[in-house]
Amino acid sequence: MPKTLIVFSAASGAGKTTLMNRVMPNFPNIVYSVSATTRKPRAGEIDGVHYFFKTEEEFKGMIAKNELVEWNKVHGNYYGTPKFFVEQKLAEGRDVAFDLDVFGKINFDNVYPDAIGILILPPSLEELEARLRLRKTETEETLSLRMENAKKEMDFALTKGKYQYVIYNGDLESAAAELEGIMEKILLSLA
Ligand code: 5GP
């Protein structure tokens, strides 16, 4: 049975985490790729579970040794997909899901062109800004950086991203039903 790689991307504040937390427990056989990052751990994040937390020097060493499928600098920190993790999971016969920024996804496609892309977008930029403000995790400076990046990401993703599926996450219930339907379709078509 062919194994599938599913790439999720979103603009920050598109509600990806809530949506995925809601839907993905229904697909327990899919394993999540653990990325390497130079971002500092947030409360509750565990090294090797949520991310492999690296210093900038360590991360650059991984790039130099060609240990990453793809990498990118997102909001000032490096993020990348370690090769060993994907290769190990594929060898175990697992379906693997990835959380990549829209630019990293293009590089990922060069290595795994058959991966299926699902893009999660907010219903509008105004709604995105409102959500980010509500979250209260941003300063005015990081908020405007995130908004600027979100605009670039959305334009780029919709024109060059080659995502097979785009979900506009306005209403959580309908977005969850849509994602669930997409996941079933993907897994059925490969079964
Ligand atoms: P966060 O710091 O909020 O966990 O993630 C920030 C951004 O980094 C998100 O847009 C997420 O999709 C992206 N990201 C996480 N892991 C990777 C990775 O391995 N490669 C790339 N290109 N982006 C990643």
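Rules behind the numbers
Residues numbered from 1 in each chain as written. Predicted model: local features only at pLDDT ≥ 70, side-chain atom pairs only at ≥ 80, totals over all residues. Heavy atoms only, no water. Helix = DSSP H or I, 4+ residues; strand = E, 2+ residues; numbered from the N terminus. Rg over C-alpha atoms; globule rule 2.2 N^0.38 Å. Buried < 20%, exposed > 50% of the residue type's maximum accessible area, 1.4 Å probe, protein only. Contact = heavy atoms within 4.5 Å. Areas by Shrake-Rupley, 256 points an atom, 1.4 Å probe, with all protein chains shown as cover. Lys, Arg positive; Asp, Glu negative; His and termini not counted. Charge placed at Lys NZ, Arg CZ, Asp CG, Glu CD. Expected span 1.5 Å × (residues − 1). Near = heavy atom within 4 Å. Polar contact = N/O pair within 3.5 Å; in protein donor to acceptor, adjacent residues only side chain to side chain. Nonpolar A, V, L, I, M, F, W, Y, C, P; charged D, E, K, R; others polar. Pairing = 2+ DSSP bridges. Axes fitted to C-alpha atoms, helices over the stretch in contact; angles between N-to-C directions. Arc of directions from axis to C-beta.

Asks: Lay out the overall build of the protein chain with the relevant residues and their values.
Replies: The helix and strand tally for the protein chain stands at seven helices and nine strands. Taken over C-alpha atoms, the radius of gyration comes to 16 Å for the protein chain, in line with the 16 Å a tight globule of 191 residues would show. Taken along its principal axes, the extent of the C-alpha atoms in the protein chain is 45 × 40 × 35 Å. A buried classification covers 46% of the 191 residues belonging to the protein chain. Here the contacts in the protein chain between residues at least 6 apart in sequence split such that 67% fall between residues at least 24 apart. Accessible area of the protein chain: about 10,300 Å², with a carbon and sulfur share of 54%. Positive and negative side-chain charges in the protein chain, numbering 24 and 28 respectively, have mean positions lying 2 Å apart.

Asks: Lay out helix α6 (residues 140-160) with the relevant residues and their values.
Replies: The α-helix winds at 3.6 residues per turn, so residues separated by three or four positions along the chain end up facing the same way. The first and last C-alpha atoms of α6 sit 30 Å apart over 21 residues, in line with the 30 Å expected at 1.5 Å per residue. Along α6, the residues that are buried comprise L143, R146, M147, N149, A150, E153, M154, F156 and A157. In this structure, the buried residues of α6 make contact with β1 (5-10), α4 (102-111), β8 (116-121) and α5 (125-135). Just beyond α6, the residue with positive phi is K162, at close to 55 degrees.

Asks: A description of the site of the ligand should follow, citing residues and the corresponding values.
Replies: In the vicinity of the ligand, 15 residues are found, and the nearest of them are S35, R39, Y51, Y79 and D99. Residue R39 places a side-chain N or O atom 2.5 Å away from an oxygen atom belonging to the ligand. Taking 520 Å² as the accessible area of the ligand by itself, protein coverage stands at 90%. Taken together, the residues of the shell around the ligand sort by class into four nonpolar, five polar and six charged.

Asks: How would you explain the sheet that holds strand β2 (residues 30-32) if you had to name every residue and give the values?
Replies: Pairing is parallel across the open sheet formed by five strands, whose spatial order is β2-β7-β1-β8-β9. Each having just a single partner strand, β2 and β9 (165-168) make up the two edges of the open sheet. Strand-to-strand, the axes of this sheet are offset by a mean angle of 25 degrees, without reference to chain direction. The sheet contact formed by β1 and β8 spans five bridges and is parallel. Directly across from S9, in β8, lies its bridge partner L119.

Asks: Explain the environment of Y112 residue by residue, including any values.
Replies: If you trace the backbone, Y112 turns up in the loop between α4 and β8. Sequence separation between Y112 and L5 is 107 residues; the distance between their C-alpha atoms is 8.1 Å. Leaving out residues up to four positions away in the same chain, Y112 has contacts with L5, V69, V86, E87 and L90.

Asks: Describe α4, listing the residues and the values that go with them.
Replies: The complete set of buried residues in α4 reads V102, G104, K105, F108 and D109. The buried side chains of α4 occupy one side of the element, clustering within an arc of 150 degrees when seen end-on.

Asks: Summarise the sheet that holds strand β6 (residues 77-82); cite the residues concerned and give the values.
Replies: Across the sheet, four strands lie side by side as β4-β3-β6-β5; this open sheet has mixed pairing. The sheet terminates laterally at β4 (51-53) and β5 (68-74), the two strands that pair on one side only. The sheet shows a mean angle of 25 degrees between the axes of neighbouring strands, direction not considered. With two bridges connecting them, strand β3 (residues 35-37) and β6 associate as antiparallel partners. Pairing of T37 across the sheet is with Y79, part of β6. Helix-sheet contacts for helix α3 (residues 83-91) involve β4, β5 and β6, and the interaxial angle to β6 is about 30 degrees.

Asks: So what about the environment of K73? Which residues, and what values?
Replies: Within the fold, K73 resides in strand β5. Residue classification places K73 among the partly exposed positions, given a relative accessible area of 45%. When the C-alpha positions of K73 and P123 are compared, they lie 25 Å apart, and in sequence the two are 50 residues distant.

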